[in-house]
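Take a look at the letters that make up each chain.
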Amino acid sequence: MKMDRKWGILALSVGLILGSTHTVGAQQDPEAVPMLSDQNKLLVTSEIQNEVQRFVNAQKRIDGQGRNILARITPDPSRQWIYVDLDGAFLPKGQTEMGEDLGQLVRAIQNHVVDLLAGIVEFKAVVIRVDGKRLDEIYPPRYKSKKTARATTQLTAPVDGLVVLSPSHGRYFHYGSNKWEYQRPLYVNSTVVHEDTITPSYTSMLQSLLTSRSPTHATSIRQTRDIGNTAIDPNSGLKWAELAARYYLARLYPNETGMWNQYPNGKPNRFNLREYDDDIAARSNFANFINAETMISIHTDGSDTNPSARGLSVFTNLNDPKSVALAESVKCYVQEQIKQRPDYPTFPIRSGPNDGVGYGEVREADMETVLVEVGFHSNAEDAALLQTTEFRTISMRGIEKGYRMYREGKACAPFAITSVGPAAGKAPGKVPVFFTYVGHPQGTMKADVEIVKCAPGNTCYGAKGLPVTLSDGKLSWNFTCGTVVGNPTHTVRTKIYDADGVFANSVESAVTCQV
């Protein structure tokens, strides 16, 4: 990053924070980032306009694209979107549908804008427009034309509780190399780990959590890949678990060639990649075919230009209010699970829910859908984290909880203590300390208690893991008053956490032990 750009970002950040309004007496978050607004949108535009144009100029062109592509930034505070307006040269000539090659360019631009504004201004989505039209207007999803063709017949309703989990990506046959290739590159600092091999362990964990925690909502769960199957496929000589969805679905539905063999002759200039493109399409084709109620896709992200890019991203179909609501819930509770723990204080939850038009699973899914990029395999810190059981468990807990809260119609409400009153009781004895709270803590709760101030002449002890009781909508733990001098009042700091290790905000309160 150039020094003049660095100082420009710092100046913008300070200017936006100083320009925001605060409620007198309210507790301020020193790390709070201002939301995109009418007051700061011109600053946002001026800050990133030239950098985005340089990025688009440097992107490798795909066949049919123009050499010179004009980019313009148009923030929309009313939607919390940032439009990247491109001219017609961005669209490959003769291309009649959105493809993976164009989708990769779209996703790279989105990630670049998110990285440029990280820590400066908060927003939801980066939306690409070409000559004023969104990409899903230019390339309507295929399922819409199929719906139109079936308009004279009764459309089948989604199957209640049927959830499709899609772990990206899996190995495919490349007709140029005549080899079975991975769809994504190696993780940084690894000689064996690919996105293709990591994501099945994530959807396996998610399936277990949905089964145990959301049994009334996720009543049937299907995977797009044959994860866990170590038997050998005779055609590839590889384990079924290694292969892309296309091959698993071909085995399950040999007569439904339109599902998994959509491009038998390949797309223009992508003949060697036809089974790669088949696989991208097959995932949502399968979910549509079985009339799934929900589709959840798990990926890991990557950047060819920014090895510092980090964090988890949530994408969805911005045209579908139900998908947006699901994605917002997932982002809310993934953030709760990760950020309200002491383990990952610097791990970013990126702006979102973002526009998923660049992903086949989102674009072509005719149901409520969300796609989560769990972290960046091109970043050394994220790549190491993504391979740990702990992070896999925590991130999938967040997705499951987001899904469950959405199905139960509950708004985003991270676990937090809202008030605590002074407590008083007879000594010696136990004095309950009561708290009100918001959120949906999981399982049994406990409290870590620190003595902030012990009244003179008395002895006080902090404790960890004290049992917390939930009664009449309030939480409480018991302070033990021993033999006391006078009627001492002590100050304690409490941290309450649930069975998942999610901490509410710490609070201080007074406890009086009465003689």
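Residues numbered from 1 in each chain as written. Predicted model: local features only at pLDDT ≥ 70, side-chain atom pairs only at ≥ 80, totals over all residues. Heavy atoms only, no water.

A. Spatial organisation of unusual backbone geometry. For the peptide bond that leads from glycine 352 to proline 353, omega is 5°, which places it in the cis range. Along the chain, proline 353 falls in the loop between α10 (321-339) and β11 (354-355). In this chain, alanine 427 is followed by proline 428 through a cis amide linkage whose omega measures -5°. Relative to the helices and strands, proline 428 resides in the loop between β14 (423-426) and β15 (429-438). Phi at glutamine 80 is positive, roughly 65°, even though this residue is not glycine. Within the secondary structure, glutamine 80 is located in the loop between β1 (71-76) and β2 (81-86). The class of glutamine 80 is buried, set by a relative accessible area of 12%. The backbone phi angle of asparagine 291 is positive, close to 60°, even though this residue is not glycine. For asparagine 291, the position within the fold is in the loop between α9 (274-289) and β9 (292-301). Looking at asparagine 291, the relative accessible area reads 25%, which means it is partly exposed. (Helix = DSSP H or I, 4+ residues; strand = E, 2+ residues; numbered from the N terminus. Buried < 20%, exposed > 50% of the residue type's maximum accessible area, 1.4 Å probe, protein only.)

B. Structural detail: helix α3 (residues 100-117). Taking 1.5 Å of rise per residue, 18 residues should cover 26 Å, and α3 covers 26 Å from first to last C-alpha, within 8% of that figure. Among the 18 residues of α3, 15 are classified as buried, and the element is accordingly described as predominantly covered. One or two residues past the end of α3 sits glycine 119, with phi positive at roughly 80°. (Expected span 1.5 Å × (residues − 1).)

C. Main features of the packing of α10 against helix α13 (residues 389-407). Two elements in contact, α10 and α13, have axes separated by 7 Å at closest approach and are oriented at 140°. Classified by the angle their axes make, α10 and α13 are oblique. Remark: the crossing between α10 and α13 carries right-handed chirality. For the pair α10 and α13, the contacting residues are Lys322, Ala325, Leu326, Ser329, Val330, Tyr333, Val334, Glu336, Gln337 and Ile338 in the first and Phe391, Ile394, Ser395, Arg397, Gly398, Ile399, Lys401, Gly402, Tyr403, Met405 and Tyr406 in the second. Residues of the contact of α10 with α13, tallied by class, amount to 12 nonpolar, five polar and four charged. (Axes fitted to C-alpha atoms, helices over the stretch in contact; angles between N-to-C directions. Parallel < 35°, antiparallel > 145°, perpendicular 65-115°, else oblique. Left-handed = near helix turned anticlockwise from the far one by under 90°. Contact = heavy atoms within 4.5 Å. Nonpolar A, V, L, I, M, F, W, Y, C, P; charged D, E, K, R; others polar.)

D. Inspection of the state of the cysteines at higher detail. Under the counting rule described, the total for this entry stands at three disulfides. Two residues share a disulfide in this structure: cysteine 481 and cysteine 513, whose sulfurs sit 2.0 Å from each other. Between cysteine 481 and cysteine 513 the disulfide shows an S-S torsion of about -75°. By sign, it is left-handed. A residue pair is termed long-range when its members are at least 10 positions apart, and cysteine 481 in strand β19 (residues 474-481) and cysteine 513 in strand β21 (residues 507-514) qualify at 32 residues. Cysteine 513 shares its class with cysteine 481; the two are buried. The cystine pairing of the chain, numbering bonded cysteines in sequence order, is 1-2, 3-4, 5-6. (Disulfide = S-S within 2.5 Å.)

E. Representation of the sheet that holds strand β3 (residues 125-130). With mixed pairing, four strands are arranged side by side in an open sheet as β1-β2-β3-β4. Of all the strands in the sheet, just β1 and β4 (133-134) have a single pairing partner and so form its edges. Relative to β3, β2 runs parallel, the two sharing six bridges. From the neighbouring strand, isoleucine 82 faces β3, where its bridge partner is valine 126. Packing against the sheet, helix α2 (residues 41-58) makes contact with β1 and β2, and its axis sits at approximately 150° to β1. (Pairing = 2+ DSSP bridges.)

F. Representation of the nonpolar core in the model. By size, the foremost hydrophobic cluster in this structure holds 35 residues, and its most contacted members are Leu312, Ile338, Val372, Val374, Phe391 and Ile399. Residue assignment for this core shows that the elements contributing at least two residues are β5 (159-167), α6 (195-213), β9, α10, β12 (368-376), α12 (380-386) and α13. Among the elements that take part in this core, α13 stands out by supplying six residues, more than any other. Contacts of valine 372, omitting those with residues within four sequence positions, involve Ser297, Ile298, His299, Leu312, Ser313, Val314, Val330 and Ile399. In terms of nonpolar packing, the next biggest core, distinct from the first, is built from 32 residues, Phe90, Leu91, Val121 and Val130 among them. (Core = buried A, V, L, I, M, F, W, Y, C linked by side-chain atoms within 4.5 Å.)

G. Up close: the confidence of the model for the chain. Considering every residue of the chain, the mean pLDDT works out to 92; 92% of them sit at 70 or more. The model gives residues 1-10 a pLDDT under 50, and that stretch makes nine contacts with residues more than four places away or in other chains. Note on residues 16-30: pLDDT under 50 across the span, and 10 contacts to partners over four residues away in sequence or across chains. (pLDDT = per-residue confidence, 0-100.)

H. A look at the pairing of strand β20 (residues 489-497). Two strands pair when backbone bridges link them, and strand β16 (residues 446-453) and β20 are joined in this way by seven bridges, in the antiparallel orientation. Each bridged residue has a counterpart across the sheet, and for aspartate 448 the counterpart in β20 is lysine 495. Two strands pair when backbone bridges link them, and β20 and β21 are joined in this way by six bridges, in the antiparallel orientation. Its bridge partner lying in β21, histidine 490 is registered against valine 511.

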